[in-house]
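Spelled out from the first residue to the last, the chains are:
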Amino acid sequence: MYTEKVLDHFQNPRNQGEIENYNGMGMVGNAKCGDIMQMFIRVNDEGIIEDVGFKTFGCGAAIATSSMATEMIKGKSIDDALKLSNEAVVEALEGLPPVKIHCSVLAEEAVKAAVDDYHKRMEEKSDNK
Amino acid sequence: MKRVYLDNAATTRLIPEVLNEMLPYMTDIYGNPSSPHYFGQQSAMAVDRARQQVASAINADPSEIIFMSGGSEADNTAIRGIAERYSKKGKHIITTAVEHHAVLHTCQLLEKQGYEVTYLPVDEYGMVTAEQVRDAMRDDTILVTIMFANNEVGTIMPIAEIGKLCRERKVFFHTDAVQAVGHLPIDVQAMNIDMLSMSAHKFHGPKGIGALYVRKGIIVPALIVGGAQERNRRAGTENVPGIVGMGKAIELACSDLEAKANKMMVLRDKLIREIPLRIPEVKLNGHPTSRLPNNVNYSIKYIEGESILLMLDLNGIAASSGSACTSGSLDPSHVLLAMGLTHEVAHGSVRMTLCDDTTEEDIDYVLEVLPKVAAKLRDMSPLYHA
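Residues numbered from 1 in each chain as written. Chains lettered and ligands numbered in written order. Predicted model: local features only at pLDDT ≥ 70, side-chain atom pairs only at ≥ 80, totals over all residues.

## Looking at the overall build of chain B
To keep things clear, this is the line we draw: Labels follow the DSSP assignment, with helices taken as runs of H or I lasting at least four residues and strands as runs of E lasting at least two, numbered in each case from the N terminus. Note on burial: count the other C-beta atoms lying within 10 Å of the residue's C-beta; 20 or more is buried, 12 or fewer is exposed, in between is partly exposed, and C-beta positions come from the backbone. What counts as a contact here is a pair of residues whose C-beta atoms, placed from the backbone, lie within 7 Å.
A tally of regular secondary structure across chain B gives 14 helices and twelve strands. With the C-alpha coordinates of chain B rotated into their principal frame, the extents come out at 70 × 55 × 35 Å. A total of 386 residues make up chain B; the buried ones form 54% of that total. Relative to all contacts within chain B whose residues are 6 or more apart in sequence, the contacts with residues 24 or more apart total 71%.

Listed below in structure tokens is the structure:
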């Protein structure tokens, strides 16, 4: 039911875990539905995502989409990260079963939530100056 | 890679002895049992023999056994049949919240047709009591349908007590015994069971064949019509190889039922005992003692069932889960939710079901792999804080 790419990311997740000195964190989904994704990003002064990490409670597809999403935004600008679509994540994983498409939506939302959090933190920082 | 199959509640291996019994009925003895010629009568005799084998396994009369495609058809036939035939007496049915969907969806279908269904709640172990059934009974109750043992958590219901009560109240009693036949001793007379569903592939028989026992004197109209087979109770040319296989499989399963059950229980109890010693924060689902000899069901907190199954599978272990991701819906198992588990804990359930071929080596392998799987997934989980 899963592609080799999905199984690879599931077994060998990239960028797993909380990263040091992150300045953006997003958490989406809920335990009731069986999926929670947490995304950590560290954005440098040039607006580039230097480092990224994830933590996921969920099925194989949820873990694989989180892992793939982190790979796709690492080293990119936050503007590019916001352009990440769930379709692109699915494509990079060489497909997901139809019932698992919502996992990729969650991954897209997790990235957006992390970037939103980063913006919020930056605003607070400038407000405090 | 070492492979360990612990999903015997889903289906079992067809054993060679059963297959050998079936093979001639696919090639040499191919007559239609309804045909009066030699070819047909050879098949008819085989069907009769199998009917005898199935009947004696549950202490029924051969005339009380109706062969059909499996457990789901048996459940549908019994419940819809009684509802249709006895609707003048009443339109109330009693069941439980933890039945198999073959029962639950049939009941829901009847609700749309004007029947009333009481879904009895269960306790934290997935158990109902005869008292609950008694309290739910009304003058218009026509049927009580309660599973013999639960397919997910293995809890064995107080069937003899419920049977006695139903007989006293003159209410028909059907039990879905798909998980129990071949694993637990069943006596339909002593237990006052009026109807009982079974499925051959749950006890090392072939898929696509099952039976409904219907006590003499009860009329269950056919669900499938179009022929006089099974004494007008189920139309369609008999699945002769399947029926022969079911007869042989049930005979083998019941011949040393207790010894096999004891063997499985030793290994089941080793898993139940050792898992919490090796993995912190787990919860046993199902009854601690009134439990199928082959069922282990644990929730591993903070992680999700499908990912557990997937990682077990990558290590050669086949199990099952009540997580939503494996049920094809957004909600986890209705059984676990009815037992009061939170969604989160229900999502993290793993069911391992043994058979008499399961070895201690298999169990030791699971005890080696499962803690590693749990640790790896917990390490990834935002819910887990070591």
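## Comments concerning the overall build of chain A
Tallying secondary structure elements over chain A gives five helices and three strands in all. Along the chain direction, N to C, the helices and strands of chain A fall in the order α-β-β-β-α-α-α-α. When the backbone C-alpha atoms are referred to their principal axes, chain A occupies close to 55 × 30 × 25 Å. For chain A, with 129 residues in total, the buried portion stands at 44%. For chain A, the share of sequence-separated contacts (at least 6 apart) that also reach a separation of at least 24 residues comes to 62%.

## So, the pairing of strand β4 (residues 116-120) of chain B
Residue and element names in this part refer to chain B. Using the following cut-off: A strand pair is defined by DSSP finding two or more bridges across the two strands. For crossovers, right-handed means that the path from the first strand over the helix to the second runs clockwise, given strands pointing away from the viewer.
Summarising the sheet, strand β3 (residues 92-96) and β4 pair through five bridges and their orientation is parallel. Its bridge partner lying in β4, Ile93 is registered against Val117. Read from β3 through helix α4 (residues 101-112) to β4, the crossover connection turns out right-handed.

## As for the packing of helix α10 (residues 305-314) of chain B against helix α14 (residues 360-380) of chain B
Residues and elements named next belong to chain B. Convention followed: Whenever a helix is involved, its axis is fitted only over the stretch in contact; in every case the axis is a line through C-alpha atoms, and angles between N-to-C directions fall within 0 to 180 degrees. By definition in this entry, angles of less than 35 degrees are roughly parallel, angles greater than 145 are roughly antiparallel, angles of 65 to 115 are roughly perpendicular, and the rest are oblique. For any pair of crossing helices, the crossing counts as left-handed if the nearer helix is rotated counterclockwise from the farther one by less than a right angle, and right-handed if it is rotated clockwise. Nonpolar residues are Ala, Val, Leu, Ile, Met, Phe, Trp, Tyr, Cys and Pro. Charged residues are Asp, Glu, Lys and Arg, and all others, Gly as well, are polar.
Interhelical geometry of α10 versus α14 gives an angle of 130° and a closest axis separation of 10 Å. The orientation of α10 relative to α14 falls into the category oblique. Between α10 and α14 the crossing geometry is right-handed. On α14, the residues that touch Ser307, Ile308, Met311 and Leu312 of α10 are Val369, Val373, Lys376 and Leu377. For the contact of α10 with α14, the per-class residue count stands at six nonpolar, one polar and one charged.

## Here's the deal with the domain arrangement of chain B
Residue and element names in this part refer to chain B. Here is the rule we go by: Domain start and end points were adopted from an automatic or database domain assignment.
Taken as a whole, chain B is organised into domain 1 (16-255) and domain 2 (256-380). Inter-centroid distance (C-alpha atoms) of domain 1 to domain 2 is 28 Å. Each side of the interface is counted separately: domain 1 has 21 residues, and domain 2 has 21 residues.

## Considering unusual backbone geometry
With the exception of glycine, the majority of residues adopt a negative phi angle, and the majority of peptide bonds are in the trans configuration. Unusually for a residue other than glycine, Glu94(A) sits at a positive phi of about 60°. On the secondary structure map, Glu94(A) appears in the loop between α4 (86-92) and α5 (101-128). With phi around 60°, Asn59(B) is a residue other than glycine that occupies positive phi space. Looking at the element boundaries, Asn59(B) is found in the loop between α2 (38-57) and β2 (65-68).

## Describing the environment of His287(B)
All names here are of chain B. One can find His287 in the loop between β9 (282-284) and β10 (295-300). Judged by local crowding, His287 falls into the buried class, with 21 C-beta atoms found within 10 Å. Along the chain, His287 and Tyr125 lie 162 residues apart, while their C-alpha atoms are 4.7 Å from each other. Those residues within four positions of His287 in sequence are excluded, and the remaining contacts are Tyr125, Gly126, Met127 and Thr155.

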